[in-house]
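Structural overview for review
Chain residues, written in single-letter form:
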Amino acid sequence: MIINRKYRMCIVLFLFLSMTSIFTFPTAAQACKCVKSDAVLENKSSSDAVFEGTATSVKESTLSAFRSGGKTIKASFQVNEVWKGQVTPSIEVLTAENEDSCGFAFKEGERYLVFATATGKSLEASCSATVLHSEASGHYELLGSGSLPPQPASADHTAAKSDSVPFIVPIGTAAAIAIAIVLFRKRKQAKSRT
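One structure accompanies this document, and this report is about it. Sequence order as written defines residue numbering, which begins from 1 separately in each chain. Where totals are concerned, whole chains, interfaces and linings use all residues; where local detail is concerned, this predicted model gives features only for residues with pLDDT of at least 70, and gives and counts side-chain atom pairs only at 80 or more. To get the side-chain values, all heavy atoms of the structure are used, and hydrogens and water are removed first.

**Brief notes about the overall build of the protein**
Scanning the protein from terminus to terminus reveals four helices and six strands. Helix and strand labels come from DSSP, where a helix needs a run of H or I of at least four residues and a strand needs a run of E of at least two; each type is numbered from the N terminus. Element order for the protein, N to C, with α for helix and β for strand: α-α-β-β-β-β-β-β-α-α. A simple rule labels every residue: compare its accessible area, found with a 1.4 Å probe on the protein chains alone, to the largest value its type can have, and call it buried under 20%, exposed over 50%, or partly exposed in between. When burial is assessed residue by residue, the protein has 26% of its 194 residues classed as buried. Throughout, a residue-residue contact means that at least one pair of heavy atoms, one from each residue, lies within 4.5 Å. Here the analysis covers contacts within the protein between residues at least 6 apart in sequence; of these, 63% occur between residues at least 24 apart. Exposure was quantified through the Shrake-Rupley algorithm and a 1.4 Å probe, taking into account, for residues, occlusion by the shown protein chains and nothing else. Here the protein has roughly 14000 Å² of accessible surface; of this, 61% comes from carbon and sulfur atoms.

Listed below in structure tokens is the structure:
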């Protein structure tokens with residue numbers, strides 16, 4: 001009878017440990033679940049930057065792992081049009097390596113309508129409403145016309161400005177000397193009359 005009691009106690013203990021391990025040990029990682037809105041203006045409102053551009057480079061970033069735990073991907077864009085945010089003509093956006101990690105699978109050479117959020121000094125497309133340009137015609141109608149990204153000063157304009165600086169300094173110096181001479185002579189004439 002004693003053996004049966006020990007045997008029953010072992011079975012109960014085994015069942016208890018088995019059930020506990022099922023509920024306490026993590027199971028396989030689950031895919032990211034993004035709640036995306038189809039409302040374009042709502043997505044614009046919740047984003048820090050909205051722009052249309054072509055992905056010029058898509059590569060793994062040296063930054064630490066994305067917050068979802070996967071690799072971080074850096075997509076560089078040549079921007080064509082801007083609807084929101086401080087977007088420069090060339091800009092980088094970070095994302096997770098795949099959609100299972102809440103990322104966006106950018107492809108080099110493709111055009112996108114990008115909805116991004118600011119995370120420190122970076123822009124991030126994570127669980128965003130980003131979409132291929134070819135699939136975004138209705139989006140553009142709702143967004144209306146955007147603006148061009150600020151363009152850097154052209155080399156000719158910059159060169160013209162820098163070429164004129166050397167001439168301004170001597171002309172200004174000559175004018176200052178001429179004024180000083182005129183004032184000196186007037187003062188000298190005023191003293192000689194007294």
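**A short note on the packing of aromatic side chains**
Aromatic contacts are taken between Phe, Tyr and Trp rings whose centres are within 6.5 Å, Trp giving its six-membered ring; a plane angle under 30 degrees counts as stacked, one over 60 as edge-to-face, and the others as tilted. Within this structure, the stated rule accounts for seven aromatic pairs. Aromatic pair phenylalanine 77 and phenylalanine 106: ring centres 5.2 Å apart, planes at 80 degrees, arrangement edge-to-face. Here phenylalanine 77 is found in strand E2 (residues 72-84), whereas its partner phenylalanine 106 is found in the loop between strand E3 (90-96) and strand E4 (111-119), with 29 residues between them in sequence. Put simply, the rings of Phe51, Phe77, Phe104, Phe106 and Tyr112 pair up and form one aromatic cluster.

Honestly, that's just the spatial picture; any functional story needs more than this.
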